[in-house]
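# Chains, contacts and geometry: an overview
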Amino acid sequence: MKRILFVFGLTLLAVNIMSAQQKEASIAVIDSAVYDFGEINEKDGPVTHTFKIKNGGEIALVVTKVVASCGCTSPEWTKEPIAPGKTGEIKVTYDPANRATGPFTKTVSVYSNGKTGSFILTIKGIAISK
């Protein structure tokens, strides 16, 4: 009987700890998840946009991984934990060299310890050759 009560007590403690941890979360806040470069000239080389990511939660936000949808797009991001209320960056560069001209849409998947876990940022535009 003591063993059953002990196990029950440990289970109850674990549930309370998990519940408390779920209430304290980091929340990634992005003003806009889509950026339109408009027309870009292939001859001008790569273009870059920096997305601002704010931690709207109660604990540090850690961006663990950022994955581009193709090799023509490269991301860089704040590696340090982002404190509550502070802002980090995700810089996305698109290289139009040797790509087809016309409209393009590229994405980067962002993974973090945030409440939603992951989200997608999108860049788009029209590549021209003059």
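Scroll up for the structure.
Here is a short report on the structure shown in this document.

Calculation rules
- Residues numbered from 1 in each chain as written.
- Predicted model: local features only at pLDDT ≥ 70, side-chain atom pairs only at ≥ 80, totals over all residues.
- Heavy atoms only, no water.
- Helix = DSSP H or I, 4+ residues; strand = E, 2+ residues; numbered from the N terminus.
- Buried < 20%, exposed > 50% of the residue type's maximum accessible area, 1.4 Å probe, protein only.
- Contact = heavy atoms within 4.5 Å.
- Pairing = 2+ DSSP bridges.
- Axes fitted to C-alpha atoms, helices over the stretch in contact; angles between N-to-C directions.
- Salt bridge = Lys/Arg side-chain N within 4 Å of Asp/Glu carboxyl O.

### Regarding the overall build of the chain
What the chain contains, in helices and strands, is one helix and eight strands. In sequence order, the secondary structure elements of the chain are arranged as α-β-β-β-β-β-β-β-β. Residues classed as buried in the chain amount to 31% of the 130 residues present. Long-range pairs, those at least 24 residues apart, make up 66% of the contacts in the chain between residues at least 6 apart in sequence.

### Observations regarding the sheet that holds strand β7 (residues 102–112)
Strands in a sheet are paired, the pairing made by backbone hydrogen bonds, and the direction either parallel or antiparallel. Spatial ordering of the open sheet is given by β2-β8-β7-β4, a layout of four strands whose pairing is mixed. Where the open sheet ends on each side, the last strands, each with one partner, are β2 (34–41) and β4 (63–68). Neighbour-to-neighbour, the strand axes of this sheet turn through a mean angle of 20°, independent of strand direction.

### Notes on the sheet that holds strand β6 (residues 87–94)
On the basis of which strands lie adjacent, the open sheet formed by four strands has the order β1-β3-β6-β5 and antiparallel pairing. Edge positions in the sheet fall to β1 (28–30) and β5 (73–77), since each of these pairs with one other strand and no more. The mean angle between the axes of side-by-side strands here comes to 30°, regardless of whether they run parallel or antiparallel. Where β1 meets strand β3 (residues 47–55), three bridges bridge the pair, whose relative direction is antiparallel. Within the sheet, the bridge partner assigned to A28 lies in β3 and is N55.

### Things to note about the pattern of salt bridges
All told, the structure shown has one salt bridge when counted by the stated rule. The residue K52 makes a salt bridge to E89 at a minimum N-O spacing of 2.5 Å. In this pair, K52 is assigned in strand β3 and E89 in strand β6, connecting sequence segments 37 residues apart.

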